[in-house]
Amino acid sequence: APPTGPPVETALAPVVELSADRLATAELMAAAKWHSGDPVEAPEREETVLAQAERSALDLDGDPATALTVMRDQIEANKVIQRGRHAQWYARPEQGPEGAPDPTGVRAELDRITPALVGALTEAGAGLSAPDCEAGLERNVRRVAAERGLDRRGRAALRMALSSVCS
Ligand SMILES: C=C(O[C@@H]1C=C(C(=O)O)C=C[C@H]1O)C(=O)O
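Okay, so let's go over this structure. (Residues numbered from 1 in each chain as written. Predicted model: local features only at pLDDT ≥ 70, side-chain atom pairs only at ≥ 80, totals over all residues. Heavy atoms only, no water.)

### Some points on the nonpolar core
Here is step 1: Ranked by size, the top nonpolar core spans 37 residues in total, and within it Leu-12, Val-15, Leu-158, Leu-162 and Val-165 carry the most contacts.
Here is step 2: Every element with two or more residues in this core is listed here: helix H1 (8-36), helix H2 (43-59), helix H3 (64-91), helix H4 (103-124), helix H5 (133-148) and helix H6 (152-161).
Here is step 3: Counting residues per element, this core draws most heavily on H1, which supplies 9 residues.
Here is step 4: Setting aside anything within four residues of it in sequence, one finds Val-15 in contact with Leu-117, Ala-120, Leu-121, Leu-162 and Val-165. (Core = buried A, V, L, I, M, F, W, Y, C linked by side-chain atoms within 4.5 Å. Buried < 20%, exposed > 50% of the residue type's maximum accessible area, 1.4 Å probe, protein only. Helix = DSSP H or I, 4+ residues; strand = E, 2+ residues; numbered from the N terminus. Contact = heavy atoms within 4.5 Å.)

Structural data, given as C-alpha cells:
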C-alpha cells in the first residue's frame, strides 16, 4: 500500500507560514539598513544562515540539499523585498521608515525561523515530490497572502521564496 500521511497541503502549511514570517523580517531589515547605510547584501551572513540550515537538516535526518536550495531562494526573496523598499524610500524619502530596528534582533528572529523551516520541510518529506505538491503549495500561498494582506510584491516574493519547495 502507498504510504499514508497528512495531505501535502496540510504538510506545506507551516512551510508557507514560516516563509511569510521570514519575509516579514525583510521590512525590518530594510529599515535597519536604510538608517545604517549598510548594503542589503551581506554575503558572510548568508553563509552563516546557509550553514545553519544545512546543520539543521543533518540534525533532523532531513535532506541538506533541499534545505540549502530552499534557503537560497528564501534569502533572494528577502533581498528583493529590501531592495524594493530602498528604491521606494529613495524615490520618496517622506515614505521612509520612522524607526531604526536593531539588526541583531532581526537576525536573532531569522535564526529562530531557520531550524523551524528546515524542520517543516523535513516533516513534509516525500510530499515535496508528490504530484499535488505545487497545487497544495499554491493554495497555502493564497491563504497566507489573504490572511496577512500581502500586496502584489509580497505575494511575488513569497512565491519566489518557495519556488524550489516542490520537486
Ligand atoms: C536579512 C539580511 O539581508 C540579506 C538577506 C539575508 C537572509 O535572508 O538571511 C542574509 C543576508 C543579507 O544578504 C541580513 O543582512 O541579515
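### Observations concerning the site of the ligand
Here is step 1: Near the ligand there are 15 residues, and of these Arg-22, Lys-33, Ala-42, Glu-46 and Arg-107 occur at the shortest range.
Here is step 2: In the model, an oxygen atom of the ligand is placed 3.5 Å from a nitrogen or oxygen of the Val-40 main chain.
Here is step 3: Glu-46 places a polar side-chain atom, nitrogen or oxygen, 2.6 Å from an oxygen atom of the ligand.
Here is step 4: In the complex, 100% of the free accessible area of the ligand, which totals 360 Å², lies under the protein chains.
Here is step 5: Of all elements in the fold, only H1, H2, H3 and H4 reach the threshold of two or more residues within the shell around the ligand. (Near = heavy atom within 4 Å. Polar contact = N/O pair within 3.5 Å; in protein donor to acceptor, adjacent residues only side chain to side chain. Areas by Shrake-Rupley, 256 points an atom, 1.4 Å probe, with all protein chains shown as cover.)

### A look at unusual backbone geometry
Here is step 1: A positive phi angle is found at Asp-61, which is not glycine, with a value near 60 degrees.
Here is step 2: Here Asp-61 shows up in the loop between H2 and H3.
Here is step 3: A relative accessible area of 74% places Asp-61 in the exposed class.

### So, the pattern of salt bridges
Here is step 1: Counted by the stated rule, this structure contains 14 salt bridges.
Here is step 2: Here Glu-17 and Arg-143 are joined by a salt bridge, their closest N and O atoms 3.0 Å apart. One end of the pair, Glu-17, is in helix H1; the other, Arg-143, is in helix H5, and 126 residues separate them in sequence.
Here is step 3: For Arg-55, the salt bridge is made with Asp-59, and the minimal N-O distance between the two is 2.9 Å. With Arg-55 and Asp-59 both in helix H2 and 4 residues apart, this pair spans about one turn of that helix.
Here is step 4: According to the relative accessible area criterion, Arg-55 is partly exposed, its value standing at 47%.
Here is step 5: Residue class for Asp-59 comes out exposed when judged on its relative accessible area of 54%. (Salt bridge = Lys/Arg side-chain N within 4 Å of Asp/Glu carboxyl O.)

### Observations concerning the packing of aromatic side chains
Here is step 1: Counted by the stated rule, this structure contains 1 aromatic pair.
Here is step 2: Ring centres of Trp-34 and Trp-89 lie 5.7 Å apart, and the angle between their planes is 70 degrees; on these two criteria the pair is classed as edge-to-face. Taken together, the residues Trp-34 in helix H1 and Trp-89 in helix H3 connect sequence positions 55 residues apart.
Here is step 3: Assessed through its relative accessible area of 6%, Trp-89 is described here as buried. (Phe/Tyr/Trp six-rings, centres within 6.5 Å; stacked < 30°, edge-to-face > 60°.)

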